[in-house]
Amino acid sequence: MTTPVLPDTYDVEQIVGDVFGSFLGGDEALPLLAAPSTGDPAVAACVSITGGWSGHVVFACSLPASRTAAALLLLTPEDQLADADIADAVGELANMIGGNIKSLLPGPSVLTLPLVNIGGATLHLPSSAEAVRLDLTWQGEPVRVSVWASTTDTQEGTAR
Amino acid sequence: MSQMLALVVDDSRAMRMVLRRIVGGLGFDVVEAANGQEAMEAVEAGPIPDIALVDWNMPVMDGLEFVTAVRSRPELRGVTLMMVTTESEHGQIVRALAAGAHEYVIKPFTPDAIAEKLALLGLVPAGSAP
């Protein structure tokens, strides 16, 4: 049995750059690599992948970053955004990032709808282990994308 | 001449807004639906759209089910169907096209990419910009 190769941080950075460049302000507003952060961001959205490879992709950011992203996507002033708007916007970012990461993994596989958590409660991803983490800074705020491989799957993968 | 009508089908309001801005900027009137079932209800209530831009992963009725449902209805044969989705596996693209989708756009996309696809479908002049 061969072990599938997971996307590395460069792959993930390219995908995040494509998504942010397309929808959140163009090339001048691309996220920058940042020193790894030890804190858990306040907003997190998770999409799960099942099939040829099984695991999760989590997009997380600070509350200010989530509000800025939602305002740009919805063309709505930040002070008029509801939590549902922020959840929708962050969930769609997770969907696009996760979908593109899925395309680099063995298939066929299925992508779930995003699960979004606002307010700092930790997302619980049972039977999985973080395999890739990318910490970025966007508009001066922390953004993190992580890939979690299922530990019950026989094809756990290795970071390349 | 009446404006053409685009139906944007996506469970994300943010993505519907993005697509509304793009196709609206290309001269379409725009209606929205949050899933395939809402989209079918909109189509049945009329007016029939010229094009539907359809996400794949949605609750209630997904995009592939919507495409299949539209193609099963002879009176809707004039509706052009464009998938706009993160799903990029070759097998899924083949399934969508076999079900009756005319074009397939993978997220993330640029406004110009949508305009180019609409031009290929003959719905806007080549070189149109949102």
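Described in the following lines is the structure provided in the data block. Everything numeric in this text was worked out from a predicted model, so none of it was measured.

Digging into the overall build of chain A
Inference 1: Per the secondary structure count, chain A includes three helices and nine strands.
Inference 2: Counting over 160 residues, chain A shows a buried share of 44%.
Inference 3: A fraction of 68% describes how many contacts in chain A between residues 6 or more apart in sequence connect residues 24 or more apart.

Observations concerning the pairing of strand 1 (residues 5-9) of chain B
Residue and element names in this part refer to chain B.
Inference 1: Across the five residues of strand 1, four count as buried, placing the element largely inside the fold.
Inference 2: Bridge count between strand 1 and strand 2 (residues 29-33): five bridges; the pairing is parallel. Counted as the bridge partner of V8 is E32 from strand 2.
Inference 3: Read from strand 1 through helix 1 (residues 13-25) to strand 2, the crossover connection turns out right-handed.
Inference 4: In terms of strand pairing, strand 1 meets strand 3 (residues 51-54) through four bridges, oriented parallel. In the strand pairing of strand 3, V8 is matched with L53.

Topic: the environment of L118(B)
Residues and elements named next belong to chain B.
Inference 1: With respect to the helices and strands, the residue L118 is situated in helix 5 (residues 111-120).
Inference 2: Here L118 falls in the buried class, since 28 other C-beta atoms lie within 10 Å of it.
Inference 3: Sequence separation between L118 and L26 is 92 residues, and the spatial gap between their C-alpha atoms is 9.4 Å.
Inference 4: Those residues in contact with L118 that sit more than four places away from it in its chain are L26, L123 and V124.

Some points on the environment of I114(B)
Residue and element names in this part refer to chain B.
Inference 1: Within the fold, I114 resides in helix 5.
Inference 2: What makes I114 buried here is the crowd of 24 C-beta atoms within 10 Å.
Inference 3: When the C-alpha atoms of I114 and R95 are compared, they prove to be 21 Å apart, with 19 residues separating the residues in sequence.
Inference 4: When sequence neighbours within four positions are dropped, the list of residues in contact with I114 reads I22, V105 and F109.

Side note on the sheet that holds strand 2 of chain B
Residue and element names in this part refer to chain B.
Inference 1: Here five strands make up an open sheet; going across it, the order is 2-1-3-4-5 and the pairing parallel. Pairing within the sheet leaves two strands with one partner each, and these edge strands are strand 2 and strand 5 (103-106). Put simply, the sheet's adjacent strands are angled 20 degrees from each other on average, direction ignored.

Here is what the cut-offs are and how they apply
- Residues numbered from 1 in each chain as written.
- Chains lettered and ligands numbered in written order.
- Predicted model: local features only at pLDDT ≥ 70, side-chain atom pairs only at ≥ 80, totals over all residues.
- Helix = DSSP H or I, 4+ residues; strand = E, 2+ residues; numbered from the N terminus.
- Buried ≥ 20, exposed ≤ 12 C-beta atoms within 10 Å, placed from the backbone.
- Contact = placed C-beta atoms within 7 Å.
- Pairing = 2+ DSSP bridges.
- Right-handed = clockwise from strand over helix to strand, strands pointing away.
- Axes fitted to C-alpha atoms, helices over the stretch in contact; angles between N-to-C directions.

Just geometry here; none of it tells us what the structure is for.
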